[in-house]
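# Residue-level structure breakdown
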Amino acid sequence: MSRILTVAAAQLGPIQKAEGRDIVVARMIALMDEAKAKGAELIIYPELALTTFFPRWHHEDRAEADHWFEAAMPNPAVQPLFDRARELGMGMSFGYAELTPEGRHFNTSILVDREGMIVGKYRKIHLPGHVEFDPERAHQHLEKRYFEPGDLGFPVWRMMGGLLGMMICNDRRWPESYRVMGLQGVEMVVLGFNTPSVNSQKAGEGMAQRLFHHRLSVQAGAYQNATWVVAVAKAGDEDGHHCMGGTLIVNPDGEIVAELEGEADGVIVHACDLDDTRFGKETIFDFKRHRRIEHYGPITAQVGVIEPK
């Protein structure tokens, strides 16, 4: 048997501070049209797809950053993307900065079905970086200043014939992100990221090692939970700040089956058989038979390290 879901990983090149959402949405629609021409049914865009990666900029008054946030989704600026997806019968996922009616701020991704309806929402849980301006860093990474940790957990949704989940950027480095979705039978994880090409606290860790850790995290999560993973970058030089690429699709055996070269707007398309997840889920990663939860208590009972006496 096979359940084919043909997926497009739609990388965005750099978005400058001066670029409006209308320009970005037009770029996203162009990628959607290209993906449709290549047979895609579902298109995945990056984290914070509508704007530059604004957490690199420090505002003394954090409310000055609110113009990067979306108070409604869809809104007039983004509606053309939803309209085009509905016209083409395409599902999609993309990330954006969410401002709730209560004034809360989240780094958010959504799943949108073929009819243009939002069927799932995820809010980034593992926020990296720091809160206050740090003069010791090569560049600022102020996600903890502008966002609060997500409050929706790691849900999985039935969509387009499969079980789909979302995560965002730094979440991919944490095995718990994948495992919570794995315990819901997830068959495809979609994630967007904006990853600086240099570690702001470790100058010797450049692009090659950053890409190595990125691939390692995604491939391990896919293999250990027998799931497809679609990881999509926003890349290139944004107003003097460089983000790496690394857009790729990984199969349930942890193998990279497609990877996009370069840092510009671009699409890779792959026919993902969701039934390829069955073997791993029914053998080595048959959780019901093999997991020993009586020994896993520290995972949820403590946050930091407690060394043995």
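Refer to the structure presented above.
Predicted, not measured: the structure shown is a model, and the values here were computed from it. (Residues numbered from 1 in each chain as written. Predicted model: local features only at pLDDT ≥ 70, side-chain atom pairs only at ≥ 80, totals over all residues. Heavy atoms only, no water.)

### So, the sheet that holds strand E1 (residues 4–11)
Strands belonging to one sheet form pairs held by backbone hydrogen bonds; the direction of such a pair is parallel or antiparallel. Rules: A pair of strands is labelled paired if DSSP reports no fewer than 2 bridges between them. Under the DSSP-based scheme used, a helix requires at least four consecutive residues in state H or I and a strand at least two consecutive residues in state E, with every element numbered from the N terminus. Between N-to-C directions, angles cover 0 to 180 degrees, with each direction set by a line fitted to C-alpha atoms, over the stretch in contact for helices. By definition, residues are in contact when any of their heavy atoms lie within 4.5 Å.
Across the sheet, which stays open at both edges, the six strands sit in the order E5-E4-E3-E2-E1-E14 with mixed pairing between neighbours. The open sheet has two edge strands, strand E5 (118–123) and strand E14 (266–273), and neither has a second partner. Across the sheet, the mean angle from the axis of one strand to that of its neighbour is 25 degrees, orientation sign disregarded. Its contacts with the sheet place helix H2 (residues 79–88) against strand E3 (91–99), strand E4 (105–112) and E5, and it is angled at close to 165 degrees to E3.

### Some details on the pattern of salt bridges
Here is the rule we go by: Whenever Lys or Arg places a side-chain nitrogen within 4 Å of a carboxyl oxygen from Asp or Glu, that contact is recorded as a salt bridge. The cut-offs for exposure are 20% and 50% of the maximum accessible area for each residue type, with area from a 1.4 Å probe on protein chains only; residues under the lower value are buried, those over the upper are exposed, and the others partly exposed.
Under the counting rule described, the total for this entry stands at 28 salt bridges. Two residues, Glu132 and Arg145, come together in a salt bridge whose shortest N-O distance is 3.1 Å. Note that Glu132 is positioned in the loop between E5 and helix H3 (143–146) and Arg145 in helix H3, a separation of 13 residues in sequence. Close ionic contact of Arg278 with Glu282 constitutes a salt bridge, the shortest N to O distance being 3.6 Å. Here the residue Arg278 and the residue Glu282 both occupy positions in helix H6 (residues 278–282), the gap between them amounting to four residues, near one helical turn. Look at Arg278 and you get partly exposed, because its relative accessible area is 31%. Residue classification places Glu282 among the partly exposed residues on the basis of a relative accessible area of 47%. Look at the salt bridges and you will find they share partners, linking Glu98, Arg104, Lys121, Arg123, Glu148 and Asp151 into a network.

The values reported here are purely geometric and, on their own, carry no functional implication.
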